Amino acid sequence: MNGLQQNYAMPQGILLLKELTSRGIFIFATAEARDVAIQCGISESAITRLLHQLVNSGWLLRLRRGLFAGTGALPGGVNIHPFAIATRLFEPSAISHWSALQHHGLTEQLPQFITVMTPCEVVTPSMRKVIKSDTIRHGKHHWTVASEEIEFISIQSRHFFGIEQVWVDQLFRVPITDRERTLLDLCVSPRRFGGMTEVLGIFDEHWQSCDVMRLVSYALEYNVVTVAKRLGWTLETVGTPAKIIEPLLKLPTSSVGLLDPSHPNAGSIAQRWSLRNNLSV
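What comes next concerns the included structure. (Residues numbered from 1 in each chain as written. Predicted model: local features only at pLDDT ≥ 70, side-chain atom pairs only at ≥ 80, totals over all residues. Heavy atoms only, no water.)

### Observations concerning the overall build of the protein
Assigned secondary structure in the protein consists of 12 helices and 12 strands. Taken along the three principal axes of its C-alpha coordinates, the protein extends 75 × 40 × 30 Å. Sorting the 281 residues of the protein into buried and exposed places 45% on the buried side. Sequence separation of 24 or more characterises 58% of the internal contacts of the protein that already satisfy a separation of 6 or more. When the accessible surface of the protein is summed, it comes to about 14,500 Å², and 50% of that surface belongs to carbon and sulfur atoms. For the protein, the centre of its 26 positive side-chain charges and the centre of its 24 negative side-chain charges are spaced 7 Å apart. (Helix = DSSP H or I, 4+ residues; strand = E, 2+ residues; numbered from the N terminus. Buried < 20%, exposed > 50% of the residue type's maximum accessible area, 1.4 Å probe, protein only. Contact = heavy atoms within 4.5 Å. Areas by Shrake-Rupley, 256 points an atom, 1.4 Å probe, with all protein chains shown as cover. Lys, Arg positive; Asp, Glu negative; His and termini not counted. Charge placed at Lys NZ, Arg CZ, Asp CG, Glu CD.)

Here it is as structure tokens:
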């Protein structure tokens, strides 16, 4: 409460926040705030100080250096959807993996954190600290904003596709991997989803509700043969018509991949798909 009371001594800061909100600007960089402030007659030299005071007083969140979001504490303010914050931290980026799976109704499990894929180089606060912990040792660096924990998954630029803009509420439209790309990611990194047994269960229940031809085209565009073969094996196992998955079957390969990369390299070889079936190992 003390922090909020102190804000009444900052009429310029409140004026700036109200003007940003009236323009529909709820997440903004310092440069955006500066442009609006100048139009409101606020001195450019005061911007940095005002933003610092607004953060300390609880009116703003500092997401990272030079990027801010309103807290909704201001009368008429807005509670920002966590997906909107997550995808603004690094751009381009998109809600993906477990969060996208849950968004599309492909799982009933509630993700422990927001998952976001990005081709950007991500440096989280935890990566700047020398901390001996499992989180650091295993390279899982999360970004915490307020009570939300966000995991960034780095991908190659050529793999940043299959994304749609989705309204998550009345104010915020965010990039999310579409249904087919989300299913493809199950075969890209099955370890993230509990292994191929879990992946197979999701496909068995939901493959008929997706555009399978688009899914196959995504696998071809992804251009990693083991991923394509893994998807082909999965689709064939759940009963997809042979004609649809034929392009995946015809992909040439000179090596045998693992059906489940989280299992040992053992088991029989599914010659048709050039995959080692290691699910029972």
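Anyway, onward from the coordinates.
### A few points about the nonpolar core
Among the nonpolar cores identified, the biggest contains 33 residues, and L183, L184, L186, F203, L215, L231 and L235 are the most heavily contacted of them. Taken together, the elements giving at least two residues each to this core come down to α6 (97–103), α8 (179–188), α9 (196–206), α10 (212–222), α11 (225–238) and α12 (242–249). The contacts of L235, once residues within four sequence positions are left out, are F203, V212, L215, V216, T240 and I245. Counting 27 residues, the second largest nonpolar core, distinct from the first, contains I27, I80, A100 and I150. (Core = buried A, V, L, I, M, F, W, Y, C linked by side-chain atoms within 4.5 Å.)

### Some remarks on the sheet that holds strand β10 (residues 257–258)
What the 3 strands build is an open sheet, ordered β10-β12-β11; its pairing is mixed. Both edges of this open sheet fall to β10 and β11 (268–270), since each of them pairs with a single strand only. Both β10 and strand β12 (residues 275–277) contribute to a ladder of 2 bridges, which runs parallel. By the bridge assignment, L258 is partnered in β12 with R276. On top of the sheet, α11 reaches β10 and β12; it is set at about 50° to β12, its chief contact. (Pairing = 2+ DSSP bridges. Axes fitted to C-alpha atoms, helices over the stretch in contact; angles between N-to-C directions.)

### Digging into the side chain of E151
With respect to the element layout, E151 can be found in strand β7 (residues 148–154). Overall, E151 belongs to the buried group, its relative accessible area being 7%. When residues no more than four places from it in sequence are discounted, the contact partners of E151 are F113, I114, T115, V116, H141, H142 and R192.

### Remarks on the sheet that holds strand β3 (residues 67–70)
Taken together, 3 strands build an open sheet; the order of strands is β1-β3-β2 and the sheet is antiparallel. Pairing within the sheet leaves two strands with one partner each, and these edge strands are β1 (27–29) and β2 (60–64). Across the sheet, the mean angle from the axis of one strand to that of its neighbour is 30°, orientation sign disregarded. Contacts from helix α5 (residues 82–89) reach β1, β2 and β3, with the element oriented near 20° to β1.

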